[in-house]
There are 2 protein chains.
Amino acid sequence: MSHAFRHRDILEIARQEGKVTVEGLAQHFGVTLQTIRRDLSDLAEDGRLERVHGGAMLPSSTSNIGYEQRQTLNAKAKAAMAKACAQRIPNNISLFLNIGTSTEAVARELRAHQNLLVVTNNMNVANILAETQGCEVVVTGGNLRRADGGLVGKLAIETILQFKFDLAIIGCSALDRDGDLLDFDIQEVGVSQTILQQSRKTYLVADASKMKRNAPARIASLSEIDTLFTDAPLPADLPERCAAWDTEVVVTQAS
Amino acid sequence: MSHAFRHRDILEIARQEGKVTVEGLAQHFGVTLQTIRRDLSDLAEDGRLERVHGGAMLPSSTSNIGYEQRQTLNAKAKAAMAKACAQRIPNNISLFLNIGTSTEAVARELRAHQNLLVVTNNMNVANILAETQGCEVVVTGGNLRRADGGLVGKLAIETILQFKFDLAIIGCSALDRDGDLLDFDIQEVGVSQTILQQSRKTYLVADASKMKRNAPARIASLSEIDTLFTDAPLPADLPERCAAWDTEVVVTQAS
DNA sequence: ATAAAAACGAACATAAACGAACAAATTCGC
DNA sequence: GCGAATTTGTTCGTTTATGTTCGTTTTTAT
């Protein structure tokens, strides 16, 4: 019997039972343990199963592991930025928070604020603010992106168009030497641009690592941003440019 | 057998019972206390559980306490209902899950399904399914209701109107003797009615406690529901009525 | 406050599972 | 039918998981 048949059946069993054991499968198919191990290795390599000692399980979407790690990266610097940003957010306004670990950090610092209307397309922000008393939370619709809990796509944009924000707080994937905000995901770019368009004032929160990265899609220029919060001095002649653009730059140091 | 299997089950039990004991788990899995201690240490290290003397609990970060208590109420019965419901959900369809602990239980049972498009106005459902591979998740917009993670209001309804679902799985606050579905929140009623209107088929998941309660707003009648999943026989002459309405009733027993 | 009991975690021993390498069997193309 | 390629079985040294023991810490009862 070809391994292809077994693979199909193994997946079927795994879906029904939630798990499979090497021993059990060997018995079921009447083959040796080693054969089953090879099957499971193959399936695990394709990401169809998750190998564990003694068997395998259905994969528990592995994508957000990278995200969780990223989240702990630069945690202190991010918290400092977020604090500075939160300090400049008045009470009694409407604001938008978009996708990214930096905006999530800002959300955590909003605990003490009063009477905010917060709109977000970030599930994590919504979860954080769900425990905060002083603000009403509105979630945009959208397709859930597992990697980072973002809500993107047509639905998100349509929702945003129904609002006008006093303030938008956004993050981005990268920030290049020319002062352009860049993102990995084209879908997300559309959302971000819509946010900028619907906001009276804009804060960008971007730690220094963003300036060492690159990304394909352009969201906007720093010239369209009112204030940039970051954790290290800007490189090259960006400070001068920002001054010319009337873009305030707030640099914080991690404690 | 691998600890990975146990870890998954331990978390599952912890969610249902709210807590786990070393002794109880050791008995449940047929392993020594030390093995369970190691498991709990691992899970605690990952922040998935909070270790306490004699066992472990859900980490305190998880949402609202009143809500959580309600969630652990009837946990086993709910899981049984949810399993029965999930079994009748085919692969490769679009479905809606609305607000309520019962629908969240169903979401947990969708792990093994393939190629589902799940739309929900329940943040908890979205969080649960974010870790499930076999389905794409779309979140409706809406105002976040802290009490239960529900998204309600105009935005939610507008989003739902953009879809047509193969199947809707809904919960309700109460179910009265006449076979009417009732809810505490007028806003939520509008959402639920819109869902019913946009769905080809409808499942209602409601445990027996719903029949002892009352609520002010009427969503619909059982006659508009295809199948009712519950955990105790219906009172009075409801079974006959359901038969006349061609509403199937599935009664499950907690194991 | 103190003693007994329970739970804990570290260290070690044992058993189970693992993967690599090679041999045997089977399948496929010709 | 023959040889090559693929698949499966076998063996064995290595890694991982579990059980056991024991001294320490925490909880409970007095």
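Residues numbered from 1 in each chain as written. Chains lettered and ligands numbered in written order. Predicted model: local features only at pLDDT ≥ 70, side-chain atom pairs only at ≥ 80, totals over all residues. Heavy atoms only, no water.

**What about the pattern of salt bridges?**
Scanning the model with the defined rule gives 21 salt bridges over all chains in all. Put simply, Asp-166 of chain A and Arg-200 of chain A hold a salt bridge, and the shortest N to O gap is 2.7 Å. Remark: Arg-200 of chain A occurs in the loop between helix 9 (186-197) and strand 12 (202-205) and Asp-166 of chain A occurs in the loop between helix 8 (154-160) and strand 9 (167-170); sequence separation between them is 34 residues. The salt bridge partner of Glu-12 of chain B is Arg-111 of chain B, with a shortest N-O separation of 3.8 Å. Taken together, the residues span a long stretch of sequence, with Glu-12 of chain B in helix 1 (residues 3-17) and Arg-111 of chain B in the loop between helix 6 (101-108) and strand 5 (116-120) at a distance of 99 residues. Through salt bridges with shared partners, a single ionic network connects Arg-145, Asp-148 and Asp-185 of chain A. (Salt bridge = Lys/Arg side-chain N within 4 Å of Asp/Glu carboxyl O. Helix = DSSP H or I, 4+ residues; strand = E, 2+ residues; numbered from the N terminus.)

**A word on the domain arrangement of chain A**
Taken domain by domain, chain A comprises domain 1 (3-57) and domain 2 (68-251). Using C-alpha coordinates to define each centre, domain 1 of chain A is positioned 44 Å away from domain 2 of chain A. (Domains from an automatic or database assignment.)

**Quick look at the UniProt feature "domain: HTH deoR-type" (unreviewed entry) in chain A**
Those places that UniProt annotates as "domain: HTH deoR-type" (unreviewed entry) correspond, in this numbering, to residues 3-58 of chain A. Structurally, residues 3-58 of chain A comprises 64% helix and 16% strand, and the distance from its first C-alpha atom to its last is 19 Å. (UniProt positions renumbered as here; feature names shortened; annotations may be inferred.)

**Observations regarding the packing of helix 1 of chain B against helix 3 (residues 33-45) of chain B**
All names here are of chain B. Closest axis-to-axis distance for the helix 1/helix 3 pair is 10 Å, and the angle between their directions is 70°. Considering their axes alone, helix 1 and helix 3 lie roughly perpendicular with respect to each other. Across the interface between the two elements, His-3, Arg-6, His-7, Ile-10 and Leu-11 from helix 1 touch Thr-35, Asp-39, Leu-40, Asp-42 and Leu-43 from helix 3. Within the contact of helix 1 with helix 3, the residues separate by chemical class into four nonpolar, three polar and three charged. (Axes fitted to C-alpha atoms, helices over the stretch in contact; angles between N-to-C directions. Parallel < 35°, antiparallel > 145°, perpendicular 65-115°, else oblique. Contact = heavy atoms within 4.5 Å. Nonpolar A, V, L, I, M, F, W, Y, C, P; charged D, E, K, R; others polar.)

**Overview of the sheet that holds strand 13 (residues 217-221) of chain A**
Residues and elements named next belong to chain A. Here we have three strands laid out as an open sheet, ordered 10-11-13, and antiparallel in their pairing. Two strands close off the open sheet at either side, each with one partner strand: strand 10 (174-175) and strand 13. Across two bridges, strand 10 lies against strand 11 (residues 180-183) in antiparallel orientation. Across the sheet, Leu-175 pairs through a bridge with Leu-181, a residue of strand 11. (Pairing = 2+ DSSP bridges.)

**What about the protein's contact with DNA strand C?**
Neighbouring DNA strand C are 19 residues, the closest being Arg-37, Arg-51 and Gly-54 of chain A together with Arg-51 and Gly-54 of chain B. The protein-proximal atoms of DNA strand C, defined as those within 4 Å of the protein, are 62% sugar or phosphate. Interatomic distance of 3.1 Å between a side-chain N/O atom of Gln-34 of chain A and a base nitrogen of DNA strand C. The separation between a phosphate oxygen of DNA strand C and a polar main-chain atom of Gly-54 of chain B is 2.5 Å. Elements represented by at least two residues in the surface near DNA strand C include exactly helix 2 (22-29), helix 3 (33-45) and strand 2 (50-52) of chain A together with helix 3 and strand 2 (50-52) of chain B. Along the lines of polarity and charge, the residues of the surface near DNA strand C split into four nonpolar, eight polar and seven charged. (Near = heavy atom within 4 Å. Polar contact = N/O pair within 3.5 Å; in protein donor to acceptor, adjacent residues only side chain to side chain.)

**Examining the sheet that holds strand 13 (residues 217-221) of chain B**
Adjacent strands of a sheet pair through backbone hydrogen bonds, lying either parallel or antiparallel. Residue and element names in this part refer to chain B. With respect to topology, three strands assemble into an open sheet ordered 10-11-13, the strand pairing being antiparallel. Here the strands that pair on one side only, and so sit at the sheet edges, are strand 10 (174-175) and strand 13. Contacts between helix 9 (residues 186-197) and the sheet are confined to strand 11 (180-183) and strand 13, with strand 13 contributing the most and set at about 15° to the helix.

**Re the layout of surface pockets**
Taken as a whole, the second largest pocket encloses approximately 1100 Å³ of empty space. Forming the walls of the second largest pocket are 34 residues, and the residues nearest its centre are Glu-17 of chain A together with Glu-12, Lys-83, Glu-109 and Arg-111 of chain B. When residues of the lining of the second largest pocket are traced back to their parent elements, those giving at least two are helix 1 (3-17) of chain A together with helix 1, strand 1 (19-21), helix 2 (22-29) and helix 5 (75-87) of chain B. Tallied by class, the residues present in the lining of the second largest pocket amount to ten nonpolar, ten polar and 14 charged. (1 Å grid on protein atoms, 1.4 Å probe; cavity = no way out; pocket = protein on both sides within 12 Å on 5 of 7 lines; lining within 4 Å. Points joined across faces, edges and corners; volume = space filled by probe spheres on them.)

**Looking at the interface of chain A and chain B**
A common measure of how large an interface is: the accessible area buried when the components associate. Across the contact, 43 residues belong to chain A and 36 residues belong to chain B. Counting the contacts that link chain A with chain B gives zero salt bridges. For the pair chain A and chain B, the number of links is 20 residue pairs in polar contact (both at pLDDT 80 or more). At five residues, the largest contribution of residues to the side of chain A that touches chain B is made by strand 6 (residues 135-139) of chain A. Here the side of chain A that touches chain B is composed, by residue class, of 18 nonpolar, 18 polar and seven charged. Judged from the two bridges that link them, strand 6 of chain A and strand 7 (residues 142-145) of chain B form a sheet pairing that is antiparallel. Bridge pairing in strand 7 of chain B places Val-139 of chain A opposite Gly-142 of chain B.

**Points about the pairing of strand 5 (residues 116-120) of chain A**
All names here are of chain A. For strand 5, the tally of buried residues reaches four of five residues, placing the bulk of the element in the interior. When strand 4 (residues 94-97) meets strand 5, the two strands line up parallel, connected through four bridges. The residue of strand 5 that forms the bridge with Leu-95 is Val-118. For the crossover from strand 4 across helix 6 (residues 101-108) to strand 5, the handedness is right-handed. As paired elements, strand 5 and strand 6 share five bridges and run parallel to each other. By the bridge assignment for strand 6, Val-118 is matched with Val-137. Taken together, strand 5, helix 7 (residues 123-129) and strand 6 constitute a β-α-β crossover, and its handedness is right-handed. (Buried < 20%, exposed > 50% of the residue type's maximum accessible area, 1.4 Å probe, protein only. Right-handed = clockwise from strand over helix to strand, strands pointing away.)

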